[in-house]
Amino acid sequence: MRNLIRPVGVGLILAGLLLGAFAVYRNWQQDQANRDYGQAQHDLRAQLSQPRTGYDSPAVSEGTPAPASGPRDGAALAVLRVPRFGAGYHPVVVEGVSPNDLAKGPGHYPGTALPGDVGNFAVAGHRTGWGQPFNRLDELVRGDALVVQWQGRSYTYRVTATKTVEPTDVGVVLPVPNRPGAEPDKARITLTTCTDRDPVTRAYTHRLVVWGELERG
């Protein structure tokens, strides 16, 4: 029995060391992601200080009006401020919601409205890791201000509702949320992020959604 217990004990010790090493690696990996996020946000703020940096400007022939240009994926778009989160909360929103885009900051869903426009200005962000810009989204309540600074102007939206949905529920970012084909009638904002991890599977099984409408002064 003693000869059996000894290798089992050694195996348990080795397993514990491996788990510890994996935890250390994951923490280092997450710390690196947060450092990368911080550097990306610094660079994005520099972009915003340069007019129209990060925008596509298609070449046109002489005498032809230039078509409307738009931000490129990963480029700085706007700054989001949430008074409930304090004066230090002001992440730069980028264009796009790919993993690379969201590693830099909250991302604007391509094809949704721009700040202040009639339609739905929809933004996704990480709940944990990569700077976790949306980790406090569940604290927002009806009436809270969501301020978007874009091209020298500030647009204040007021939270109207929050809801937990399935990841497949893409209707939340429609021009009129959850009403396919409806004509947009006002300027809205939608913020989306993951909910907390499932305690058993450790997976992010649902999405948290915050909706708001533009405040008219």
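That block above? That's the structure.
Residues numbered from 1 in each chain as written. Predicted model: local features only at pLDDT ≥ 70, side-chain atom pairs only at ≥ 80, totals over all residues. Heavy atoms only, no water.

Student: Which residues make up the overall build of the chain, and what values do they have?
Tutor: Broken down by element type, the chain carries 2 helices and 8 strands. Each helix (α) and strand (β) of the chain, taken in turn from the N terminus, gives the series α-β-β-α-β-β-β-β-β-β. Looking at the chain as a whole, 35% of its 217 residues qualify as buried. Of the contacts formed within the chain by residues at least 6 apart in sequence, a portion of 54% connects residues at least 24 apart. (Helix = DSSP H or I, 4+ residues; strand = E, 2+ residues; numbered from the N terminus. Buried < 20%, exposed > 50% of the residue type's maximum accessible area, 1.4 Å probe, protein only. Contact = heavy atoms within 4.5 Å.)

Student: Now, about the sheet that holds strand β2 (residues 92-95): what can you tell me, with residues and values included?
Tutor: Strands sit in the order β1-β2-β3-β4-β7-β8-β6-β5 around a closed barrel of 8 strands; the barrel is mixed. Relative to strand β7 (residues 187-194), strand β4 (residues 119-124) runs parallel, the two sharing 6 bridges. Within the sheet, the bridge partner assigned to N120 lies in β7 and is R188. (Pairing = 2+ DSSP bridges.)

Student: How would you sum up the nonpolar core? Please name residues and give values.
Tutor: L140, L146, Y157 and L191 are the most contacted members of the largest nonpolar core, which totals 24 residues. Sorting the residues of this core by element identifies β1 (76-81), β4, β5 (145-150), β6 (153-165), β7 and β8 (207-214) as the ones contributing at least two each. (Core = buried A, V, L, I, M, F, W, Y, C linked by side-chain atoms within 4.5 Å.)

Student: So what's going on with the pattern of salt bridges? Residues and values would help.
Tutor: Under the counting rule described, the total for this entry stands at 6 salt bridges. Residue R136 pairs with E139 through a salt bridge whose shortest N-O separation is 2.9 Å. Taking the relative accessible area as the measure of exposure, E139 reaches 34% and is therefore partly exposed. We note a salt bridge from E213 to K186, for which the minimum N-O separation is 3.4 Å. You can see E213 sitting in strand β8 and its partner K186 sitting in the loop between β6 and β7, a full 27 residues away along the chain. For E213, a relative accessible area of 28% translates into the label partly exposed. (Salt bridge = Lys/Arg side-chain N within 4 Å of Asp/Glu carboxyl O.)

Student: I'd like a rundown of the pairing of β6, residues and numbers included.
Tutor: In terms of strand pairing, β5 meets β6 through 6 bridges, oriented antiparallel. In the strand pairing of β6, Q149 is matched with S154. In this antiparallel pair of consecutive strands, β5 and β6, the connection spans 2 residues, and Q151 shows a positive phi of 50°.

Student: Describe in detail the packing of aromatic side chains, supporting the description with residues and values.
Tutor: For the structure on display, the rule yields 1 aromatic pair. Consider the rings of F85 and Y89, whose centres lie 5.0 Å apart with planes at 80°: the pair is edge-to-face. Here F85 matches Y89 in class, with each residue buried. (Phe/Tyr/Trp six-rings, centres within 6.5 Å; stacked < 30°, edge-to-face > 60°.)

Student: Please provide a residue-by-residue account of unusual backbone geometry, values included.
Tutor: The residue Q151 is not glycine, and still its phi comes out positive at about 50°. Within the secondary structure, Q151 is located in the loop between β5 and β6. Among the residues examined, Q151 registers a relative accessible area of 53% and is labelled exposed. We note that N178 has phi near 65°; this positive angle belongs to a residue other than glycine. Within the fold, N178 resides in the loop between β6 and β7.

Student: Quick one: what's the story with the environment of P133, residue by residue and with numbers?
Tutor: Within the secondary structure, P133 is located in the loop between β4 and β5. Separated by 31 residues in sequence, P133 and L102 have C-alpha atoms that sit 9.8 Å apart. Here P133 is in contact with Y37, Y89, P106 and H126, once residues within four sequence places are set aside.

Student: Lay out the side chain of T192 in plain terms, naming residues and giving numbers.
Tutor: With respect to the secondary-structure elements, T192 resides in strand β7. The class for T192 is buried, based on a relative accessible area of 7%. With residues near it in sequence (within four places) discarded, T192 still touches Y109, V123, A124, G125, F134, L137, V172, V173, L208 and V209.

Student: Tell me what's going on with the environment of E215, and back it up with residues and numbers.
Tutor: Within the fold, E215 resides in the segment after β8. Taking relative accessible area as the criterion, E215 reaches 38% and is therefore assigned partly exposed. Spatially, the C-alpha atoms of E215 and Y155 are 7.7 Å apart, while their sequence positions differ by 60 residues. Separated by 2.8 Å, the side chains of E215 and R158 make a polar contact. (Polar contact = N/O pair within 3.5 Å; in protein donor to acceptor, adjacent residues only side chain to side chain.)

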